[in-house]
Every structure is written in structure tokens, then in C-alpha cells.
Amino acid sequence: MLMRIINYTNVCVAQCDYCAFYKLPSQEGGYVLTQAQVFAKLDELLALGGDLAAFNGGFNPHLPLSYYCELFSAIRARYGDKLEFYALTIAEFLYLADHARLTLAQAAQQLKDAGVRWITGGGSEILTEDFRKRHAKFKYTVAEYFDAQRAILEAGLRTTATMVIGFDETIDERLEHLERTRAFQDKVLAEIPGTRGLESFLCWTYKPYFTQIGGIEISTAEYLRHLALSRIYLDNIPRMRTSVLTQNERALEGLLYGADDFDLPIEDEVTQKAGATISLDFEKILNYARTLGFEPTYRSVAAASKL
Ligand code: SF4
């Protein structure tokens, strides 16, 4: 997949201590993208041959639900099925529903009516209550995270599972994250008629530069071992993605460790602010997969989304 993450606002009140991206509402440097700016980014993505955008911003108290609904319906009206978009992460969805004083089901329905098909599992980082108390106490509990994901599936929207490793989490916390994800998938597949549940799992690594807590990046070898463990553990999730965004071309080694899917990102301010580097030399990255014995195939997300 060729994709771009659109960071529509960097204003956020959650104050996660591992984040180098956000500005508080009163701080200088905060921004909100206009529809025209979002369209320009989408046009550029299409021109490069990509067809997947993912929206990820902050918990911005000045943005009402109507900002999102108008933006997403305008995108559907302008682009139709030419591109697909992941509208928001579970964490932003929770904030939005909370802020608009809607139930999760009502908020999911409003987004669906605005043309949204996907809300990703982003904002999960490490799904243990302890981890969240240590680092992201305003970013909702694990129980709330899964309630929101369930509401999304019940509304007939599609979603994914994510994870970020390399903070100060223990091995037990990593296992708890996998266990909770696996149990959630079993439950929703059994209880929600017709759902596909979590359609993929994407794990990436924490980038520590310019964050409050700092730290040292974990090695690619550790990332790959975790990918292999996740592939074995999450045997009820069909697709496993490896993260070019945080591992560059070495992410492709993940294909030897159980991954079968990856995207080439052209932008993500959140991880770039914390030290991620993005290359637009797609052939160089794909050639690395070829030297490992794989033949990468382009996957059109827009076409698959209509199924
Ligand atoms: S990680 Fe997301 S929710 Fe947390 S402070 Fe950064 S932008 Fe806000």
C-alpha cells in the first residue's frame, strides 16, 4: 500500500508523555488543516500512485464533530471510490464522542453517515491499565478503548489492531496487550453477526527523540522477534503488517518473521517529530524486499474497501 497519514491538527489536551507532536490549545505552533489543505495532500498522494490516507490528530477541544463529518463527506463527494481513508483512531473517536456528549454508537453512526468506512485501532500503544496510568492518563482506559472498538464494529464500520513497543513496558505488559487483543477478537467474531473483527495487526516502535520521557530506541532485531511472536499469538487476525515508517527498509525483514503486508508512507508528522525518517525512494525500499526473495505486489485499498 502507498499511503499518507494526514495530521489534521496537532492541538491536543491528552498530554501523553511519549509524544513529541502535540501543542496545548494555548501554545504557539498549534494548527488545524482546512479542507483545501487536506485536498492538496490527497491530490499529491493520488499523483504518486497511492490510494490510502489515514487521519490522525490530537484531542482538539475546539473541533466539533461537525468539522469531521463535513471533512469526511467532502472527501467522499470529491474522490468517490478513488481513494480510501482511515478516519481517525479509536483514541480520537473516544474523545470526539465524549466531547460531543454522544454515546459511542451515536458517534459511530454519525461518522458512518458522513461516508466513513474505517476507524483504525491507533492510540492503543500498550493496552494495560498500568501503562496508561504511567504515560497517558487522559487518554482513556483499556476497557474504554475496547468498548469503542466494539461500538465501531457494531455500527458496521471496519477496524484494525495496533501496538507500539519500545517504551518502558515490561515483557508481561506486551503479552497482556496481545492477550487482550486476541480475546477481544474471539469475542467480537462470536458475538457480532457478519463482522470481520480486527482485519489486520500493525505494530511499530516508539521513537524517543524530543519526547518528555526520552529513552533509547529498541533494535530492529527485537522488533522482528516481537512481530514473530505476534504472528503466532494472534492466530485469529488474518493480516500482519510490518512498519516501514519506523524501521525503514529493514521493516521488510518482517516478511521473514510472519508479516505479509506493509505500506510505504509518504508522511506522518507524529512519528517524524519524534525522529522517524521517511524516504520517497520507493524502489530502493522494494528492492530490499526483492533481495530477501520476495516479490512485493501493490495492493489497492480503495478497490478492496468496496468489497
Ligand atoms: S499521542 Fe496523540 S493523544 Fe497523546 S498527546 Fe500526542 S497527539 Fe495527543
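The coordinates are above.
About the thresholds
- Residues numbered from 1 in each chain as written.
- Predicted model: local features only at pLDDT ≥ 70, side-chain atom pairs only at ≥ 80, totals over all residues.
- Heavy atoms only, no water.
- Pairing = 2+ DSSP bridges.
- Helix = DSSP H or I, 4+ residues; strand = E, 2+ residues; numbered from the N terminus.
- Buried < 20%, exposed > 50% of the residue type's maximum accessible area, 1.4 Å probe, protein only.
- Patch = residues over 30% accessible without salt bridge, like charges linked within 9 Å, V, L, I, M, F, W, Y side chains within 5 Å.
- Areas by Shrake-Rupley, 256 points an atom, 1.4 Å probe, with all protein chains shown as cover.
- Salt bridge = Lys/Arg side-chain N within 4 Å of Asp/Glu carboxyl O.
- Axes fitted to C-alpha atoms, helices over the stretch in contact; angles between N-to-C directions.
- Parallel < 35°, antiparallel > 145°, perpendicular 65-115°, else oblique.
- Left-handed = near helix turned anticlockwise from the far one by under 90°.
- Contact = heavy atoms within 4.5 Å.
- Nonpolar A, V, L, I, M, F, W, Y, C, P; charged D, E, K, R; others polar.

Strand residues, when the strand is regular, have side chains that alternate between the two faces of the sheet. Examined bridge by bridge, strand β6 (residues 198-205) and strand β7 (residues 239-242) share three bridges and lie parallel to one another. Across the sheet, the residue bridging to S200 is R239, located in β7.

All right, on to the sheet that holds strand β2 (residues 52-55) then. Reading across the sheet, the five strands line up as β4-β3-β2-β1-β9 and stay open at both edges, with parallel pairing between neighbours. Of all strands in the sheet, those bounded by a partner on one side alone are β4 (118-120) and β9 (264-265). In this structure, strand β1 (residues 2-6) lies alongside β9, joined through two bridges in parallel fashion. By the bridge assignment, M3 is partnered in β9 with P265.

The next thing to look at is the pairing of strand β5 (residues 159-165). Buried residues dominate β5, accounting for seven of its seven residues. Side-chain alternation along β5 places T159, A161, M163 and I165 on one buried face and T160, T162 and V164 on a second face that is also buried. Both β5 and β6 contribute to a ladder of six bridges, which runs parallel. Bridging across to β6, V164 finds its partner in W204.

Together, I171, L175 and L229 make up a nonpolar patch on the protein surface, roughly 240 Å² of accessible area in all. Its location among the elements puts I171 in helix α7 (residues 171-191). Assessed through its relative accessible area of 55%, I171 is described here as exposed.

A pair of packed helices can be characterised by two numbers: the angle between their axes and the separation between those axes. For the pair helix α4 (residues 104-113) and helix α6 (residues 142-154), interaxial distance at closest approach is 9 Å and the crossing angle is 45 degrees. Judged by the inter-axis angle, α4 sits oblique to α6. Our pair here, α4 against α6, has a crossing hand that is right-handed. Facing α4, whose interface residues are L104, A105 and A108, α6 presents D147, A148 and A151. Looking at the contact of α4 with α6 residue by residue, the classes come out as five nonpolar, no polar and one charged.

With that settled, the discussion passes to the environment of Y22. If you trace the backbone, Y22 turns up in the loop between β1 and α1 (35-47). Counting along the chain gives 12 residues from Y22 to N10, while the straight-line C-alpha distance between them is 4.9 Å. Setting aside residues up to four positions removed in sequence, Y22 forms contacts with N10, C12, Q15 and C16.

As far as function goes, none of this settles anything; it's purely spatial.
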